[in-house]
Amino acid sequence: MSDERPEKPLPELRASDADRDRVVERLRDAVAEGRLDMEEFEERLEAAYTSRTYAELEPLTRDLPAPAGGPVARSGAAAEPWTGRIGGAGSSATAVAVMSGFQRKGRWTVPARFDAVAFWGGGELDLREADFAQREVVINCVAVMGGIQITVPPGVEVDVRGFGFMGAFDQRDNPGPSEPGAPRVVVTGFAFWGGVEVKVKKRKRPLDGPSLRKEL
């Protein structure tokens, strides 16, 4: 029996996660090529991960040319397109851990100045999914017999200026070249018998449909 299925999927057929991922990858390439601005990219990204059928996915790349020679090669150290927002009020301006811990992660807004204190405790500031109140923000850390870890995505400029006395301010990873439009993070403060560590990690995989709906 011959296979009578058409080469192109029927519009009413359900799209898979792989189909949505291919569309998102093309949108990311379009941002890097200057074909989409960040506002358009964010709108289409949200639409891609909430699409259920091919008919909903197809218009998202209809006005984009197919990538020449296949997918654009990306080096391991390449920055990802910046998808956060600049502007607005900070979610919180202070975090204190005294013989305890604190954590800021996920979707939150970093204020112009954020003060973090860890005394016999530890704290984590994850900026990979964060928005920023302004283009340059200052994170002032005080670690006394404690530790603070700051995680940034590739492409964000980081300037570590803190001072350690029997302690350390440690930037282990190179964030790579700054991504256009990405913020600048200045890390200052003091560490005594403690440490402040800045790490660079790629952003998490974009939310799938159910997770994105929950986040929204």
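Nothing here was measured: the structure is a model prediction, and the numbers come from that model.

Considering the overall build of the chain
In terms of regular secondary structure, the chain is built from 4 helices and 13 strands. The 216 residues of the chain split such that 38% are buried. Restricting the contact set of the chain to residue pairs at least 6 apart, pairs at least 24 apart contribute 69%. For the chain, the accessible area works out to roughly 12,100 Å², and carbon and sulfur atoms hold 52% of it.

Points about unusual backbone geometry
The general pattern is negative phi for most residues beyond glycine and trans for most peptide bonds. Backbone geometry at Met99 places phi at a positive 50°, although glycine is not the residue there. Relative to the helices and strands, Met99 is located in the loop between strand 1 (94-98) and strand 2 (101-104). Taking relative accessible area as the criterion, Met99 reaches 57% and is therefore assigned exposed. Phi at Trp193 is positive, roughly 50°, even though this residue is not glycine. Counting through the fold element by element, Trp193 comes out in the loop between strand 12 (184-192) and strand 13 (195-200).

Description of the pattern of salt bridges
Following the criterion strictly, the structure yields 11 salt bridges and no others. A salt bridge links Asp63 to Arg44; its shortest N-O distance comes to 3.0 Å. Residue Asp63 is found in the loop between helix 3 (54-57) and strand 1, and its partner Arg44 is found in helix 2 (residues 38-50); the two are separated by 19 residues along the sequence. Owing to a relative accessible area of 16%, Arg44 belongs among the buried residues under this scheme. Where Arg107 meets Asp131, a salt bridge forms, and the shortest distance between an N and an O atom there is 3.3 Å. With Arg107 in the loop between strand 2 and strand 3 (109-110) and Asp131 in strand 6 (residues 131-132), this pair connects stretches of sequence that are 24 residues apart. Through salt bridges with shared partners, a single ionic network connects Glu136, Glu157, Asp159, Arg161 and Arg184.

Some points on the nonpolar core
If you look at the biggest cluster of nonpolar residues, it comprises 29 residues, and the most contacted ones within it are Leu127, Cys141, Ile150 and Val187. Taken together, the elements giving at least two residues each to this core come down to strand 1, strand 4 (113-119), strand 7 (136-144), strand 8 (147-152), strand 12 and strand 13. Here this core gets 4 residues from one element, more than from any other, and that element is strand 7. Discounting chain neighbours no more than four positions away, the residues touching Leu127 are Trp108, Val110, Phe132, Ile139, Ile150, Thr151, Val152, Pro153 and Val185.

Observations concerning the sheet that holds strand 13
Strands sit in the order 2-5-8-13-11 across an open sheet of 5 strands; the sheet is parallel. In this open sheet, the two edge strands, each paired with only one partner strand, are strand 2 and strand 11 (168-171). Between one strand axis and the next, the sheet turns by 10° as a mean value, whatever way the strands run. Pairing of strand 2 with strand 5 (residues 122-126) involves 4 bridges; the strand directions are parallel. Following the sheet pairing, Arg104 is matched in strand 5 by Leu125.

Side note on a negative patch on the surface
Together, Asp37, Glu39, Glu40, Glu43 and Glu46 give the surface a local cluster of negative charge. Here Glu39 is to be found in helix 2. According to the relative accessible area criterion, Glu39 is exposed, its value standing at 55%.

So, how was this worked out
Residue numbers restart at each chain and count upward from 1, following the sequence in its written direction. Totals for whole chains, interfaces and linings use every residue, but because this is a predicted model, local features are given only for residues with pLDDT of at least 70 and side-chain atom pairs only at 80 or more, for both listing and counting. The side-chain figures draw on all heavy atoms in the structure; neither hydrogens nor water molecules are used. Strands here are runs of E lasting at least two residues and helices are runs of H or I lasting at least four, both read from the DSSP assignment and numbered beginning at the N terminus. Under the scheme applied here, a residue whose accessible area is under 20% of the maximum for its type counts as buried, over 50% as exposed, and between as partly exposed, the area being computed with a 1.4 Å probe on protein chains only. Should any heavy atoms of two residues lie within 4.5 Å, those residues are considered in contact. Methods summary: accessible areas were calculated by the Shrake-Rupley approach with a probe of 1.4 Å, and residue burial reflects only the protein chains presented. Salt bridges are counted wherever a side-chain nitrogen of Lys or Arg sits within 4 Å of a carboxyl oxygen of Asp or Glu. For the purposes of this section, nonpolar cores are sets of buried Ala, Val, Leu, Ile, Met, Phe, Trp, Tyr and Cys residues that join through side-chain atoms within 4.5 Å. Pairing between two strands requires that DSSP report at least two bridges joining them. Lines fitted to C-alpha atoms define the axes, with helix axes restricted to the stretch in contact, and inter-axis angles between N-to-C directions lie between 0 and 180 degrees. Think of a patch as exposed residues, more than 30% relative accessible area, with no salt bridge, where like charges cluster within 9 Å and nonpolar side chains (Val, Leu, Ile, Met, Phe, Trp, Tyr) cluster within 5 Å. Under the counting rule used here, the positive set is Lys and Arg, the negative set is Asp and Glu, and His together with the chain ends is not counted. Charge positions come from single atoms, namely NZ of Lys, CZ of Arg, CG of Asp or CD of Glu.

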